[in-house]
Amino acid sequence: MVSAGNLTGGGGVLLAHGRGMKLMHVVGARPNFPKLAPVLRAGGLAGATQMVVHTGQHYDDAMSDGFFRDLGIPAPDLNLAVGSATHAVQTARIMERIEPVLIAERPDWMLVYGDVNSTMAAAIVASKLGIRFAHVEAGLRSFDRSMPEEINRIVTDRLADLLLTPSRDADAQLRAEGVADEKIVFVGNVMIDSLFYALPAARATGFRAKMGVNGSAVVVTLHRPSNVDDPGRIKMLATVLSEVGRDREVVFPAHPRTRQRLEEAGLKLDRVRMLEPVGYLEMLDLVENAFAVITDSGGLQEETTALGIPCLTVRPNTERPITVTEGTNRLVPNPHDIIAELEQVCRPAVAPRPEGWDGHAGERVITALAHSL
Ligand code: UD1
């Protein structure tokens, strides 16, 4: 395999080498879709033959099909319809259903994205079939194995033939774990490609105005099991958010898991606008104009950095340290500290631009694949 090494720039001439290359993209859950979109677009421009397999891990319109529409990408070629289940059952179902597809199609490259169960399940199957696969967003580590995503990251990176990283810390981490240099390619952040691409359409939704949201709302998303599955913790968060609502408008589009947990615990959040999960464009419109974002999502830590919006991440750690060292993110493990932290936030004069967060990462992914054929 020829190493693509260290790709900078927009991909350029090498994109032409993608012609005829057969790619299978495997996605399954909400955060995968904005990562897929720019790679799919770049693959199309390069003349690759492409197929998108959706595992069906997420299935509600607001968590899945709506994202394909918002991102302007075609519906998946195949949906494995695995649905929700325990981690073992969901992972096993994906493995069982994707194996015949991989055998029938034998792509030159399978691509998996991020750190969800669909990512790891497809990685294991491709690896055992001897089908080469690339991991987009390789090398991120929270060093917290109580997060299911951390297990998914470690297993996927261990098996990947090509590890495409969003930031230099990820390169260093993979080298420290003994991954061969020629398998690691820094491509930058594909999420930020989607962000730049979608901003004009997000502004055009007029979503904030339609919802009557003021200019300086605090936007909240929380869905990690560590925050919402423990009844004591979710109660504490509900109390703090209601408190924040005394001084500022608080808007909280709630993940289905969070809504269920709030209902089970009999919690109602005073002075907080609860919304159903909102689409990708609507969320960008909310976030671009927020006073601050309170979240435990990975993607939002990056999006707020790129938009220059202060972000409080309610976790003790992050697999995206660059959002803290170069961006607008602060870790707030203790919910009781949220109010004091909010008083200190300030918006940077210019939005931070970490290296490779330039809207061209998708092209560099395709270049790396073509280079490594
Ligand atoms: C998954 C990912 C997580 C990601 C999150 C984004 C894993 C291990 N976790 O977590 O990394 O940040 O997606 O959303 O892969 N549900 C619905 N409709 C849907 C999907 C789920 O109602 O379309 C409900 C179901 O009750 C389900 C629950 O949400 O049991 C959790 O869904 P699941 O995909 O298991 O995990 P997430 O919490 O969404």
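Everything numeric in this text was worked out from a predicted model, so none of it was measured.

## Details of the packing of helix α12 (residues 280-288) against helix α13 (residues 298-307)
Next up, step 1: Direction vectors running N to C along α12 and α13 enclose 50 degrees, while the axes themselves pass 10 Å from each other. Relative to α13, the element α12 lies oblique. The handedness of the crossing between α12 and α13 comes out as right-handed. Mapping the contact onto sequence places Tyr 280, Met 283, Val 287 and Glu 288 in α12 and Leu 300, Glu 303, Thr 304 and Leu 307 in α13.
Next up, step 2: Among the residues making up the contact of α12 with α13, the classes are represented as 5 nonpolar, 1 polar and 2 charged.

## Description of the pairing of strand β6 (residues 162-165)
Next up, step 1: Residue alternation in β6 divides its side chains into two sets, Leu 162 and Leu 164 and Leu 163 and Thr 165, and both sets are buried.
Next up, step 2: Here strand β5 (residues 133-136) runs beside β6; their pairing, made up of 3 bridges, is parallel. Across the sheet, Val 136 pairs through a bridge with Leu 164, a residue of β6.
Next up, step 3: Chirality of the crossover, the property in question, places the unit of β5, helix α5 (residues 148-159) and β6 among those that are right-handed.
Next up, step 4: As paired elements, β6 and strand β7 (residues 184-186) share 3 bridges and run parallel to each other. Across the sheet, Leu 164 pairs through a bridge with Val 185, a residue of β7.
Next up, step 5: This β-α-β element, β6 to helix α6 (residues 168-176) to β7, shows right-handed connectivity.

## Side note on the pattern of salt bridges
Next up, step 1: The tally for this structure, following the rule as stated, stands at 25 salt bridges.
Next up, step 2: Where Lys 35 meets Glu 137, a salt bridge forms, and the shortest distance between an N and an O atom there is 3.1 Å. In this pair, Lys 35 sits in helix α1 (residues 33-45) while Glu 137 sits in the loop between β5 and α5, placing the two residues 102 residues apart along the sequence. Taken individually, Lys 35 and Glu 137 each receive the classification buried, so the pair is uniform in this respect.
Next up, step 3: Between Arg 246 and Glu 243 there is a salt bridge; the shortest N-O distance is 3.1 Å.
Next up, step 4: Owing to a relative accessible area of 35%, Glu 243 belongs among the partly exposed residues under this scheme.
Next up, step 5: When salt bridges that share partners are traced, they join Lys 35, Asp 115, Glu 137, Glu 150, Arg 153, Glu 302, Arg 315, Glu 319 and Arg 320 into one network.

## Comments concerning the nonpolar core
Next up, step 1: Counting 58 residues, the largest nonpolar core has Leu 111, Leu 164, Val 365 and Leu 369 as the members making the most contacts within it.
Next up, step 2: With residues up to four places along the chain from it excluded, the contact list for Leu 164 reads Ala 134, His 135, Val 136, Glu 137, Ala 138, Val 185, Val 187, Val 365 and Ala 368.

## Quick notes on the site of the ligand
Next up, step 1: Lining the immediate environment of the ligand, one finds 19 residues, of which Gln 57, Asn 117, Glu 149, His 223 and His 255 sit closest.
Next up, step 2: The contact in question runs from an oxygen atom of the ligand to an N or O atom on the side chain of Glu 149, over 2.5 Å.
Next up, step 3: In isolation the ligand exposes 740 Å². Once the protein is present, 87% of that is buried.
Next up, step 4: Looking at the shell around the ligand, the elements that each hand over two or more residues are α5 and α11 (256-264).
Next up, step 5: Examining the composition of the shell around the ligand, we find that 3 residues originate from one element, α11, more than from any other.

## Comments concerning α1
Next up, step 1: The terminal C-alpha atoms of α1 lie 19 Å apart, and with 13 residues this matches the ideal 18 Å at 1.5 Å per residue to within 8%.
Next up, step 2: Counting buried residues along α1, 10 of its 13 residues qualify, which places the element largely inside the surrounding structure.
Next up, step 3: Turning to α1, its buried residues number three or more, namely Phe 33, Pro 34, Lys 35, Leu 36, Ala 37, Pro 38, Val 39, Leu 40, Ala 42 and Gly 43.
Next up, step 4: At the C-terminal side of α1, Gly 47 shows a positive phi close to 85 degrees.

## Focus: the pairing of strand β2 (residues 49-54)
As a general feature of sheets, a regular strand has side chains that alternate between the two faces.
Next up, step 1: For strand β1 (residues 22-27) and β2, the ladder comprises 6 bridges, and the chain directions are parallel. Looking at the pairing, Leu 23 lines up with Gln 50 of β2.
Next up, step 2: Between β1 and its parallel partner β2, the chain crosses via α1, and the hand of that crossover is right-handed.
Next up, step 3: Pairing of β2 with strand β3 (residues 78-79), which is carried by 2 bridges, proceeds in the parallel orientation. Within β3, the position partnered with His 54 by the bridge is Asn 79.

What counts and how
Residues numbered from 1 in each chain as written. Predicted model: local features only at pLDDT ≥ 70, side-chain atom pairs only at ≥ 80, totals over all residues. Heavy atoms only, no water. Axes fitted to C-alpha atoms, helices over the stretch in contact; angles between N-to-C directions. Helix = DSSP H or I, 4+ residues; strand = E, 2+ residues; numbered from the N terminus. Parallel < 35°, antiparallel > 145°, perpendicular 65-115°, else oblique. Left-handed = near helix turned anticlockwise from the far one by under 90°. Contact = heavy atoms within 4.5 Å. Nonpolar A, V, L, I, M, F, W, Y, C, P; charged D, E, K, R; others polar. Buried < 20%, exposed > 50% of the residue type's maximum accessible area, 1.4 Å probe, protein only. Pairing = 2+ DSSP bridges. Right-handed = clockwise from strand over helix to strand, strands pointing away. Salt bridge = Lys/Arg side-chain N within 4 Å of Asp/Glu carboxyl O. Core = buried A, V, L, I, M, F, W, Y, C linked by side-chain atoms within 4.5 Å. Near = heavy atom within 4 Å. Polar contact = N/O pair within 3.5 Å; in protein donor to acceptor, adjacent residues only side chain to side chain. Areas by Shrake-Rupley, 256 points an atom, 1.4 Å probe, with all protein chains shown as cover. Expected span 1.5 Å × (residues − 1).

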